[in-house]
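# Fold and contact review
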Amino acid sequence: MQWNWKTIIEPFKIKSVEPLGFTEREERLKILEQAHYNLFNIKAEKILIDLLTDSGTSAMSARQWGGIMVGDESYAGASSYYNFENVVSDLTGYKEIIPVHQGRAAERILFSIIGGKGKRVISNSHFDTTRANVEASGAEAFDFPVKEAFDFDRYAPFKGNINLEAAEKFIKEKGSRSIPVCIMTVTNNSLGGQPVSMENLKQTRNLCRKYRIPLFLDCARFAENAYFIKMREKGYSTMPVTEIAREMFDCADGAMMSCKKDAFANIGGFIAMNNAGWAQKARQLLILTEGFQTYGGLAGRDLEAIAIGLGEVLDEKYLQYRIRAAQYLANSLLKNRIPVVVPPGGHGVYVNAKKFLPHIKSLQFPAQALAVELYLEGGIRGVEIGTLMFGKRDSAGNFIPANMELVRLAIPRRVYTQSHVDYVVEVFAELAKRKKSIKGLEIVEAPPVLTHFTVKLRPINAAGVGGRRKLKAELSD
Ligand SMILES: *Cc1c(COP(=O)(O)O)cnc(C)c1O
């Protein structure tokens, strides 16, 4: 059935439900204080609408839950592995299919094999765990985003693309022998879930062939990317998304996937490729820390759920609803004069806190301040993408302002309905009315690594001048 109605409906009905965590404002005030104004420290049962991440938070289908029951838990040769292997090799066309417990395990294994000191990995943008695993191997990670990716108010269809000229200049300068792989992240998670065009992927393939550099996709959101290509790129509007996805994989020599995203699974991932030599080394590392090659750190039931999910995500009615959900939230916020990054990406909406709260200085963490107010006002949890998350410091330990202050509202797959989204918009509209009253935050304690997970904060005027001075002394030890 062609769907030509203005209202895009959720293409599912609900068989199993979970209650939401309702709290009173007074309680949320206390919770925030106890959590040191860090939303990672709040118990999930105290959150009403949780937009922290789309990772591992999808609602599985009845068919996936059915798959969970028939999962084959044999140590070796489980039928669930073969179902999984068939689905992944049909989807990608690659020969060697290796399951892992989640995306970062794939990264650790791949970069243990091809990374190392003196090596340089290039990308449209590395996701943070990808970068961390490149660096943990001793190699360096270099991003080549396109310029328009940082112009938050300008519409461009494929802000996730790689800057080919800059990448080629880098390859020429450093020599292709130091570059073991080019990673294309689809969609580009670190830059707002923006898509990469097929044209850009093909040109990247040509560039990589010219310099004999293998090309891998970091394909956590491959189906969302394929649907954007269908919607926005010339020549693809009538091609089935499954074929578009296959054409994307055909551009590359392999892929890594976090199945916690577009496979609707709560856990899982894979590495897929054609290089038998690399695959053999990968399987040896797999046995060392993940598990035997037919389960790789997963239960048989997880492999079954992933295999089914990878089929479901390519349903175009689902993808239409998925992409429209982010657009609906973005447009509704814009109508209420809440500045968001346009166009929205596939998996969430990014509110521009710098623009919304211009009276709060960068070093008073405007995005974190907005995220905190969002929880206080409506029990909604988003995440700061700004100075705290990037966590750069000078030698005295003071934070260096990031060039963006965003609050990401990630949309879990198939979890919330339109009225939940309308509620989020209503809460924002209320915040907009009293935005001048929103104050910045200051640091109480900030550990040096992965700061945003454990940082302790307080409202700016709670400590007074003496408190702030003492704080500087703490940081510089
Ligand atoms: C989530 C994600 C990862 C890491 O996957 P995990 O399953 O969280 O370990 C890697 N790359 C991208 C693009 C991701 O979105």
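Residues numbered from 1 in each chain as written. Predicted model: local features only at pLDDT ≥ 70, side-chain atom pairs only at ≥ 80, totals over all residues. Heavy atoms only, no water.

## A few points about the overall build of the chain
The line we're drawing: Helix and strand definitions follow DSSP, with helices as H or I runs of at least four residues and strands as E runs of at least two, each counted in order from the N terminus. For each residue, the accessible area found with a 1.4 Å probe, counting protein chains only, is set against the maximum for its type, and the residue is called buried under 20%, exposed over 50%, and partly exposed in between. Working rule for contacts: check all heavy atoms of both residues, and any pair within 4.5 Å makes them a contact.
What the chain contains, in helices and strands, is 18 helices and 14 strands. For the chain, the C-alpha atoms occupy an extent of roughly 65 × 55 × 45 Å along the three principal directions. Every one of the 477 residues in the chain was classed for burial, and the buried ones make up 55%. Sequence-distant contacts in the chain: of pairs separated by 6 or more residues, those separated by 24 or more amount to 72%.

## Comments concerning helix H9 (residues 241-250)
All buried positions along H9 are accounted for by Val241, Ile244, Ala245, Glu247, Met248 and Phe249. For H9, the secondary structure elements touched by its buried residues are helix H3 (79-92), helix H7 (198-210), strand S6 (215-218), helix H8 (222-232), strand S7 (254-258) and helix H12 (316-335).

## Notes on the sheet that holds strand S3 (residues 120-123)
For clarity, the threshold we go by: Being paired, for any two strands, means DSSP has found at least two bridges between them. For helices, the fitted axis covers only the stretch in contact; all axes are lines through C-alpha atoms, and the angles between them, taken along N-to-C directions, range from 0 to 180 degrees.
Reading across from one edge, S2-S8-S7-S6-S5-S3-S4 is the order of the seven strands in this open sheet, with mixed pairing throughout. The open sheet has two edge strands with one neighbour each: strand S2 (96-100) and strand S4 (140-143). Neighbour-to-neighbour, the strand axes of this sheet turn through a mean angle of 20 degrees, independent of strand direction. Inspection of the sheet shows S6 paired to S7 by three bridges, in the parallel sense. The partner of Asp218 across the bridge, within S7, is Met256. Sitting on the sheet, H3 touches S2 and strand S8 (269-273), and the angle it makes with S2 is about 125 degrees. Along the sheet, helix H4 (residues 103-114) makes contact with S2, S3, strand S5 (182-185), S6, S7 and S8, crossing S7 at roughly 145 degrees.

## Remarks on the layout of surface pockets
What counts is decided by this rule: Using only the protein atoms, space was sampled on a 1 Å grid; points where a 1.4 Å probe fits but cannot get out form cavities, open sets with protein on both sides within 12 Å along at least five of seven lines form pockets, and lining residues are those with an atom within 4 Å of a point. Grid points are joined across faces, edges and corners, and a volume is the space filled by probe spheres set on the points. Each residue receives one of three labels: charged for Asp, Glu, Lys and Arg, nonpolar for Ala, Val, Leu, Ile, Met, Phe, Trp, Tyr, Cys and Pro, and polar for the others, Gly being one of them.
Considered as a void within the structure, the second largest pocket measures approximately 1,300 Å³ in volume. Lining the second largest pocket we find 36 residues, and of these Ser16, Glu18, Ala59, Arg414 and Val415 sit closest to its centre. Every element with two or more residues in the lining of the second largest pocket is listed here: strand S1 (49-50) and helix H2 (62-70). Here the residues of the lining of the second largest pocket sort into 19 nonpolar, eight polar and nine charged.

## What about empty space enclosed by the protein?
Using the criterion set out here, one finds one cavity of 30 Å³ or more in the structure. Volume-wise, the largest cavity comes out at about 90 Å³. Going through the elements one at a time, helix H14 (366-378) and strand S11 (383-385) are the ones with two or more residues in the lining of the largest cavity. Split by residue class, the lining of the largest cavity holds seven nonpolar, four polar and one charged.

## Brief notes about the pattern of salt bridges
When charged atoms on two side chains of opposite charge get close, those side chains can pair. Condition: Salt bridges are defined as contacts in which a side-chain nitrogen from Lys or Arg sits within 4 Å of a carboxyl oxygen from Asp or Glu.
Scanning the entire structure with this criterion turns up 25 salt bridges. Among the salt bridges present, the one from Arg413 reaches Asp262, with a minimum N-O distance of 3.2 Å. Remark: Asp262 occurs in the loop between S7 and S8 and Arg413 occurs in the loop between strand S12 (406-410) and helix H16 (418-433); sequence separation between them is 151 residues. Taking the shortest distance from any N to any O, the salt bridge between Arg434 and Glu377 comes out at 2.7 Å.

## So, the state of the cysteines
For clarity, the cut-off: By definition, disulfides here are pairs of cysteine sulfur atoms that lie within 2.5 Å.
Tallying each qualifying case throughout the model produces zero disulfides. Cys182 provides the cysteine sulfur closest to Cys208, a residue in no disulfide bond, and the two sulfurs are 4.2 Å apart. By relative accessible area, which is 4% here, Cys208 ends up buried. Cysteine Cys219 is unpaired, with the sulfur of Cys259 as its nearest cysteine sulfur at 7.8 Å. Its relative accessible area of 0% is what places Cys219 among the buried residues.

## Here we look at the pairing of S4
Bridge analysis of S3 against S4 gives four bridges, and the strand direction is parallel. By the bridge assignment, Val121 is partnered in S4 with Ala141.

## Overview of a nonpolar patch on the surface
The condition that has to hold: The patches reported here contain residues having more than 30% relative accessible area and no salt bridge. Joining distances are 9 Å for like charges and 5 Å for nonpolar side chains (Val, Leu, Ile, Met, Phe, Trp, Tyr). Per-residue and other accessible areas were derived by the Shrake-Rupley procedure at a 1.4 Å probe size, with only the shown protein chains allowed to occlude residues.
Taken together, the side chains of Val449, Leu450 and Phe453 present a nonpolar region at the surface, about 320 Å² in accessible area. Residue position: Val449 is located in the loop between strand S13 (441-445) and helix H17 (451-454). For Val449, a relative accessible area of 64% puts it in the exposed group.

## Focus: the domain arrangement of the chain
Stated precisely, the cut-off is as follows: Either an automatic procedure or a domain database provided the assignment from which the domain bounds are taken. Using a 1.4 Å probe, buried area is obtained as the accessible area two parts lose upon being combined, added over both of them. Side-chain atoms alone can form a polar contact between residues adjacent in sequence; in general such a contact is a pair of N or O atoms within 3.5 Å, and within protein one must be able to donate a hydrogen while the other accepts it.
Split by domain assignment, the chain resolves into domain 1 (25-54 + 315-476) and domain 2 (62-312). Between domain 1 and domain 2, the C-alpha centre-to-centre distance is 28 Å. Of the roughly 2,300 Å² buried between domain 1 and domain 2 on both sides combined, carbon and sulfur atoms contribute 54%. The interface formed by domain 1 and domain 2 contains seven salt bridges. With a shortest N-O distance of 3.1 Å, Asp153 and Lys355 are connected by a salt bridge. On inspection of domain 1 and its partner domain 2, the count reaches 17 residue pairs in polar contact (both at pLDDT 80 or more). Those elements giving two or more residues to the side of domain 1 that touches domain 2 turn out to be H12, strand S9 (348-352) and S12. The biggest single contributor to the side of domain 1 that touches domain 2 is H12, with seven residues. Looking at the side of domain 1 that touches domain 2 residue by residue, the class counts come to eleven nonpolar, six polar and eight charged.

## Observations regarding the packing of helix H1 (residues 25-34) against H14
Going by this rule: By the definition adopted for this analysis, an angle is roughly parallel if under 35 degrees, roughly antiparallel if over 145, roughly perpendicular if from 65 to 115, and oblique otherwise.
As a packed pair, H1 and H14 sit with axes 8 Å apart at the nearest point and diverge in direction by 150 degrees. Classified by the interaxial angle, the pair formed by H1 and H14 is roughly antiparallel. Contacts between H1 and H14 involve Arg25, Arg28, Leu29, Ile31 and Leu32 on the former and, on the latter, Val372, Tyr375, Leu376, Glu377 and Gly378. Classifying every residue of the contact of H1 with H14 by side-chain character gives six nonpolar, one polar and three charged.

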